[in-house]
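One-letter residues, chain by chain:
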Amino acid sequence: METRILIYAPIGQDAPLAAKVLAMAAIDSHVCRSLAELAAQLELGAGAVLTVEEALAPGGYKLLLECVERQPDWSDLPIILLTHRGADSATVRQAVAGLGNLSLMERPVRSLALITALHSTLRARKKQYQVREAARRKDEFLASLGHELRNPLAPIRTSVSLLTHMYPDAAPVARIRDMVERQVRLLTRLVDDLLDVARITSGKIKLQPQLVSLSAVMNHVNELCLQAAGAKRIHIAWQLPAEEIMIYADYARVVQIFANILSNAVKFTPQGGNVVVRAERQGDELRVTLRDSGIGLDAEAIARIFRMFEQSKTVAGQFSSGLGIGLSLARQFAEMHGGSVEAHSDGPGHGSEFEIRLPVVSNAARNAAPQLAANGADGRKMQVLVVDDNRDAADSLAALLEIDGFDARAVYDGASAIAATAEAMPDMIVMDLGMPGMDGYETARAIRQRPGTERILMIALTGWGQSDARRRTGEAGFDHHLVKPVELEQIIRLAGARQNREQVQAAR
């Protein structure tokens, strides 16, 4: 359907004659007899649209304009318009101005000229489909790359945490731990940014809004950027309002907005500089400014720093490290929340200021955070089953959970997980999805079929973060979907939330 010509000429014999000519030239076509049929067929796909001047006036122009405006980035729908002989009408001029990839052919049209034009049009359309296919393969590659990189990151992070628990007072271990943790965080962030690019370009980003406080967001941002700032002796001054400001937003994405901009400010501020983060409420908006004493921006740079993969130069004139996508993601996430990100500078050497605006909600009481406890409601240790075919990842996570007060054990395949659950039902299962043989989805469904397993807290721990993977985990019976490498606090927080819920239900 994507290579056919949609013909819309509801008046006279233009449509059947054009279809006959195209059939003789072995060009597939479909005649649309109404605007409704044209709209439906456009949704199914088209190599091009062949229409006539008089078909635009009753609403055809509006329909084609809407189709052109909402088409994806890779697409530039070709439209061939057969016009009346003589001077251009207002209808034709309007079409030329609004319909983009438009070609005009004056009637009467020679059959050979029409066929030649359509062959050329279809060749150009084929190039567009090749661009789409390349983008699809790139997105699949990035998703697979992210999964493969996250898998080894998980045991690295948990092993470092184990070293901290085993040697809490050993200074050399602390230095190694901090170094490895910095590199793991950096690599995780690079992987996440790459995947976010793929998700945004394919329209797969779905916000998960909740009521969050500005102070919680900024505390998290501070943790993410503190080490980089400390390494350059850059002082970050936080000027936050005394009142609690609540926003209804995707917590992870909002943290990403501020962290990307703040880390960018730290990167382009020389040693010993400073950054001031100021936040205030202005009516129904949260206004946050980040002002640095860095290298500044010229007018040309301000116009392009938010472009994807844009690389800026450092003080020494060399290109900076990184992928050049942090600021672009920050702006796009802000706009998805109904906000904005703008940059200002008085020029090179005078620092830069970034202004972020997000909508706020009325001051509401924050829900009490769940207690982070490893004990169940009856005082016993929570029983945890870790399932992962990567033995290093499974053993290190189980050991870390043991140190934090859980009763944890590890198995390494789906069949063993089902057998272990039948032998002694755990309170929580943390399971990898991409296991050979019986994968995590199938294992979870088999476990949920047994009576009494509805009380088990099941957490999917995987390198796949796409929305379809999250949907499949929910359908398989998982309660939560965590992306590797996961921090232990995330698992403990989810366990605490389930425990609090069970205590409330038991008291009713």
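Residues numbered from 1 in each chain as written. Predicted model: local features only at pLDDT ≥ 70, side-chain atom pairs only at ≥ 80, totals over all residues. Heavy atoms only, no water.

Caption draft 1: Representation of the sheet that holds strand E11 (residues 340-344). Taken in spatial order, the 5 strands make up an open sheet running E7-E9-E10-E12-E11, and their pairing is mixed. If you trace the sheet from one side to the other, it starts and ends with strand E7 (235-239) and E11, each paired once. Taken over all neighbouring pairs, the strand axes of this sheet differ in orientation by 15 degrees on average, direction set aside. In the sheet, strand E10 (residues 285-292) pairs with strand E12 (residues 353-359) via 7 bridges, with the strands oriented antiparallel. Its bridge partner being in E12, Leu290 is matched across the sheet by Phe354. (Pairing = 2+ DSSP bridges. Helix = DSSP H or I, 4+ residues; strand = E, 2+ residues; numbered from the N terminus. Axes fitted to C-alpha atoms, helices over the stretch in contact; angles between N-to-C directions.)

Caption draft 2: The arrangement of the packing of helix H8 (residues 251-267) against helix H10 (residues 326-336) in detail. At their nearest, the axes of H8 and H10 sit 9 Å apart, and the two run at 145 degrees to each other. Between H8 and H10 lies a crossing of left-handed hand. Between H8, through Arg253, Gln256, Ile257, Asn260, Ile261 and Asn264, and H10, the contact on the second element is made entirely by Gly326, Leu327, Leu329, Ala330, Phe333 and Ala334. Of the residues in the contact of H8 with H10, the class split is 7 nonpolar, 4 polar and 1 charged. (Left-handed = near helix turned anticlockwise from the far one by under 90°. Contact = heavy atoms within 4.5 Å. Nonpolar A, V, L, I, M, F, W, Y, C, P; charged D, E, K, R; others polar.)

Caption draft 3: Examining the pattern of salt bridges more closely. The tally for this structure, following the rule as stated, stands at 14 salt bridges. Note that Glu342 is salt-bridged to Arg331, the shortest N-O span being 3.4 Å. Taken as a pair, Glu342 in strand E11 and Arg331 in helix H10 lie far apart in primary sequence, 11 residues in all. Overall, the relative accessible area of 37% leaves Glu342 in the partly exposed class. (Salt bridge = Lys/Arg side-chain N within 4 Å of Asp/Glu carboxyl O. Buried < 20%, exposed > 50% of the residue type's maximum accessible area, 1.4 Å probe, protein only.)

Caption draft 4: Up close: the packing of aromatic side chains. Following the criterion strictly, the structure yields 2 aromatic pairs and no others. On the numbers, 5.7 Å between centres and 55 degrees between planes, the contact of Trp74 with Tyr129 is tilted. Of this pair, Trp74 sits in the loop between helix H3 (56-70) and strand E4 (79-83) while Tyr129 sits in helix H5 (residues 111-166), placing them 55 residues apart in sequence. The ring of Trp74 is capped by Arg132, whose NZ or CZ atom sits 4.8 Å from the centre of that ring. When the ring centre of Phe306 is taken as origin, the NZ or CZ atom of Arg331, which lies over that ring, is 3.8 Å away. (Phe/Tyr/Trp six-rings, centres within 6.5 Å; stacked < 30°, edge-to-face > 60°. Lys NZ or Arg CZ within 6 Å of the ring centre and 35° of its normal.)

Caption draft 5: Examining the sheet that holds E4 more closely. Reading across the sheet, the 5 strands line up as E2-E1-E3-E4-E5 and stay open at both edges, with parallel pairing between neighbours. Lying at the two open borders of the sheet, with one neighbouring strand each, are strand E2 (29-31) and strand E5 (102-106). Going from strand to strand, the sheet's axes swing by 20 degrees on average, the running direction of each strand aside. In this structure, strand E3 (residues 48-52) lies alongside E4, joined through 4 bridges in parallel fashion. Considered in E4, the bridge of Val52 is made with Leu82. Together, strand E1 (5-8), E2 and E3 form the strand contacts of helix H1 (residues 14-24), whose direction differs from that of E1 by roughly 155 degrees. Contacts between helix H4 (residues 90-98) and the sheet are confined to E4 and E5, with E5 contributing the most and set at about 150 degrees to the helix.

Caption draft 6: Here's a closer look at the confidence of the model for the protein chain. Taken residue by residue, the protein chain gives an average pLDDT of 83. The fraction at 70 or more is 87%. Contacts from residues 314-322, a stretch scored under 50 in pLDDT, to residues over four places away or in other chains number 19 contacts. Across residues 503-508 the pLDDT falls below 50, and counting only partners more than four positions away or on other chains, this stretch makes 1 contact in the model. (pLDDT = per-residue confidence, 0-100.)

Caption draft 7: Region of the structure containing helix H11 (residues 391-403). If you check H11, its first and last C-alpha atoms are 18 Å apart, about what 13 residues at 1.5 Å a residue would give, namely 18 Å. Within H11, burial applies to Ala393, Ala394, Ser396, Leu397, Ala398, Leu400 and Leu401. The backbone nitrogen of Asp392 lies 3.2 Å from a side-chain oxygen of the residue at the head of H11, namely Asn390. Looking at the residues trailing H11, positive phi occurs at Gly405, about 100 degrees. (Expected span 1.5 Å × (residues − 1). Polar contact = N/O pair within 3.5 Å; in protein donor to acceptor, adjacent residues only side chain to side chain.)

Caption draft 8: Region of interest: a nonpolar patch on the surface. There is a patch of nonpolar side chains on the surface, built from Leu163, Met166, Tyr167 and Ile403 and spanning about 380 Å² of accessible area. The topology assignment puts Ile403 in helix H11. (Patch = residues over 30% accessible without salt bridge, like charges linked within 9 Å, V, L, I, M, F, W, Y side chains within 5 Å. Areas by Shrake-Rupley, 256 points an atom, 1.4 Å probe, with all protein chains shown as cover.)

Caption draft 9: Local environment of H1. Of the residues making up H1, those classed as buried are Ala15, Ala18, Ala19, Val21 and Leu22. Around the axis of H1, the buried residues are gathered within 165 degrees of arc, so they sit on the same side. Exposed residues lying more than 90 degrees from the buried face of H1 are Leu17, Lys20, Ala23 and Met24. Count one or two residues on from H1 and you reach Ala26, which has phi positive near 60 degrees. (Arc of directions from axis to C-beta.)

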